[in-house]
Amino acid sequence: MKTLFNLTNKKQVLLTGLLFSFATNLTTANTLLEEVVVTAQKRGTINIQDIPFSIQALSGDKLKAQGAVDFQDFYHQVPGLAVFDQGPGDKRYIIRGVNSVGAGTVSLYLDEVIITGENAQDGGGRQPDIKLFDIERVEILKGPQGTTFGSSSLSGTIRYISNKPNTQTAEGNIAMGLRQIDGADVGYEAQAAVSIPLIEDILAVRFAGYHLSEQGYIDNMLSEGVNDDATTAFRASLLYTPNERLSLSLMAMQQDTETDGPAYFNKVDYKGQSLPYLYQADVTRAGFVDDLKLFNVTLNYTTDYGTITATASDFERDSVFNRDSSRALESFASMELMGNGRSIITQPKDRELSSYELRFASAWAGSVQLLAGVFVQSEERFFRSAILSSDSNGNIEAEPTSSLDRNVSTELEETAVFAEISIDLSQKLNLTAGLRWFDIDVDEVATQVTKFGGAAGDGAGPALSSNDSDVIGKLNLAWAINDDLLTYVQWAEGFRSGGSNDQTAAALAGVTIPQGFTSDSLENVEIGIKSTLLDGRMTANAAAYFIDWKNIQLQDQATDGQLTFPFRGNGGAAEIKGFELDILFQATEHLELSFSGSYSDAKLVENNPIPSSGMSGDKIPYVPELTFSATAAYQWNLSDNRNGFISGDLAYVDDRNTELRPDAATQLALDSYTLTNIRGGIQSDDWSITLSVNNVFDDDTVIDVFRIIAGLTPDGFIINTPRTVAIGFSKSF
């Protein structure tokens, strides 16, 4: 029988409830909520309460106060946002239950730079783990954003907005702290930022740096704490504003992440013998390296009729994903597990994505406004997958023996034209209509260098090409009942391009898989309300939506009776019905409360072409039916310029499945869980000291499963990060 809370969950609810009870018994003051402005519509800054679709923004100050490091630390606060989490740099973001293999279904941006994850080879759709240093805010746009943000914004868009240079005043900040996860050594975090006006009101630069040394809590035969996270990042930006009409901004960023091993543990080793808790079966070092480089230049010119924006970006991502392949060679090549079969499957991937956009956002005096633009994108990817021999220390040998080696080169070209026209039908009623035409060409060549077992490969295969060209649309009707109440109805389409399948691995075993797959598409209809209540002390926003998702990109498998080879194809259809609620309440001058929740019913409504991979009525994997979070933050005066503060939050995530078919051999039921975090400290005008405890009750629920080769290697289990204690100091100037 399913129960919502176990005993530990009840303790967490009690703790948070006591905090709420204490806080709400305080004297009420007429304190307004801080206005939140965003740039999600590409029309300059707009109050989030005036935007007629579902969007949430988390300010950099609040993220810093919560001790948030990356996506994992804030996504529970956003209704309708979930994650398929395989570790640092290997996450698939899920908005409103839209989850499948391939390129990301959620587009990801840092300022104007597209950084959306792509992984055609293993179906992961890996999103980069951007660290939250010197961030102004994070915007989460829910529902398809295809007309303005293009491909892969199938279910939404996440935008990281960095702090910009200040042309008027020099400013800066530093922060440092110690962090310890239960079962791990002490780690540390440090960051700093400085903004310097070189010519007052005209030219300024900003520099920000970050370093994280997070120690791991999972061991194997080669090392302790293999799932560590060592990240170093740096960002530089320049802002040039020679007059009130013209602004030029430049930004460059680099982030390098390295971990010694994956974040899973195994219950048994390769021989089936039991292992201690939080211990891996790996007999080699399966590390992960993820290096990111981002560049952007943006020019804004404001005329009497609107703003012209020209932006050019480049995103480079070089990653190396290693896994232990010793068990595979022992089973399929009769090699010794700890001898000549000891090996690593290494998968380096180099990706460069360049994008250019020219757009115009009107500021006409009449009732009609226009957003129109042209978008061009080019992308190059090179992926290699090789099984290489390992030395006795678990590293790839200096001159390794290759048991398999193949690579895939991919080129993608996209051109798009988009436009949105907004018409004030009356003082209270507005109609917005948008269109986007796109044309995407994908060319791919796969090369067999070494066949499985070590024989020479057949060389380059045939050149494969695919093309997607279509028009998608959006309609939005918004009714501003009064200054504090907005309702809207919206219909919007999203898309994700098709592509080619890498056939080399299957061909090595004489197995044929399809050459490619086509695009999938989605239609979202939602009705929502945004309200500002209690004289500006409360906002309450809600949305109900229905999603019709067709021709879903899915992962199928072909086999020769022993080995299985995944490939991407297209399936049937799914329908998703859901509801989201977000409430923020400034209860007193010193107390802020919030609550958010979502309900999602995400199921297939048509059988997949291969029924064993999914049938009508099957739930979409990794989508919880119910989630909610609640927070309370209270501060009080200690002296004229010092305050004490304490806050707590609770997040609940319902159970999920890992596969479409409930009777699939690889299906694992993921239990529901509840997390509680608390933090407190002292702050003045320019410094603060904070003590925080995340996952107070040390919840170790399994949140994902990792399989090197399903059915051959033991399942790897990923749990919530154990209780983490951190103490930090920050200083601004």
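These notes cover the structure that comes with them. Just so we're clear, the structure is a prediction, and the values are computed from it rather than from any experiment. (Residues numbered from 1 in each chain as written. Predicted model: local features only at pLDDT ≥ 70, side-chain atom pairs only at ≥ 80, totals over all residues. Heavy atoms only, no water.)

Right, let's talk about the sheet that holds strand β3 (residues 55–59) for a bit. Pairing in this open sheet of five strands is mixed, and the strands run β3-β8-β9-β6-β7 from one edge to the other. Every other strand in the sheet has two partners, leaving β3 and β7 (113–114) as the edge strands with one partner each. Inspection of the sheet shows strand β6 (residues 106–110) paired to β7 by two bridges, in the antiparallel sense. Bridged to Y109 within β7 is I114. (Pairing = 2+ DSSP bridges. Helix = DSSP H or I, 4+ residues; strand = E, 2+ residues; numbered from the N terminus.)

Where empty space is left becomes clear once a probe the size of a water molecule has been rolled over the atoms. Counting across every chain of the model gives 14 cavities of 30 Å³ or more. Of the pockets and cavities examined, the largest cavity occupies roughly 820 Å³. Taken together, 48 residues line the largest cavity, and the ones lying closest to its centre are D70, Q72, D73, E214 and T721. Of all the elements, strand β37 (residues 673–684) adds the most residues to the lining of the largest cavity, at four residues. Of the residues assigned to the lining of the largest cavity, the class counts are 18 nonpolar, 18 polar and twelve charged. As a volume, the second largest cavity reaches approximately 370 Å³. In terms of lining, the second largest cavity is formed by 34 residues, of which the most central are A103, S151, S152, L412 and S497. Going through the elements one at a time, β6, β18 (343–362), β19 (368–389), β20 (402–424), β21 (429–450) and β25 (499–500) are the ones with two or more residues in the lining of the second largest cavity. When grouped by side-chain class, the residues that make up the lining of the second largest cavity number eleven nonpolar, 14 polar and nine charged. (1 Å grid on protein atoms, 1.4 Å probe; cavity = no way out; pocket = protein on both sides within 12 Å on 5 of 7 lines; lining within 4 Å. Points joined across faces, edges and corners; volume = space filled by probe spheres on them. Nonpolar A, V, L, I, M, F, W, Y, C, P; charged D, E, K, R; others polar.)

As a further point, take the pattern of salt bridges. One pass over the structure, following the stated rule, counts 37 salt bridges. Between E214 and R179 there is a salt bridge, with the nearest N and O atoms lying 3.2 Å from each other. With E214 in strand β12 (residues 203–214) and R179 in strand β10 (residues 171–181), this residue pair connects regions lying 35 residues apart in the sequence. Residue classification places R179 among the buried positions, given a relative accessible area of 10%. For the salt bridge of E379 with R351, the shortest nitrogen-to-oxygen distance reads 2.6 Å. Taken together, the residues span a long stretch of sequence, with E379 in strand β19 and R351 in strand β18 at a distance of 28 residues. For E379, a relative accessible area of 4% gives the class buried. A cluster of three or more residues bridged by salt bridges with shared partners is formed by K42, E112, E357 and R359. (Salt bridge = Lys/Arg side-chain N within 4 Å of Asp/Glu carboxyl O. Buried < 20%, exposed > 50% of the residue type's maximum accessible area, 1.4 Å probe, protein only.)

It is worth stressing that arrangement in space is one thing and function is another; only the former is reported here.
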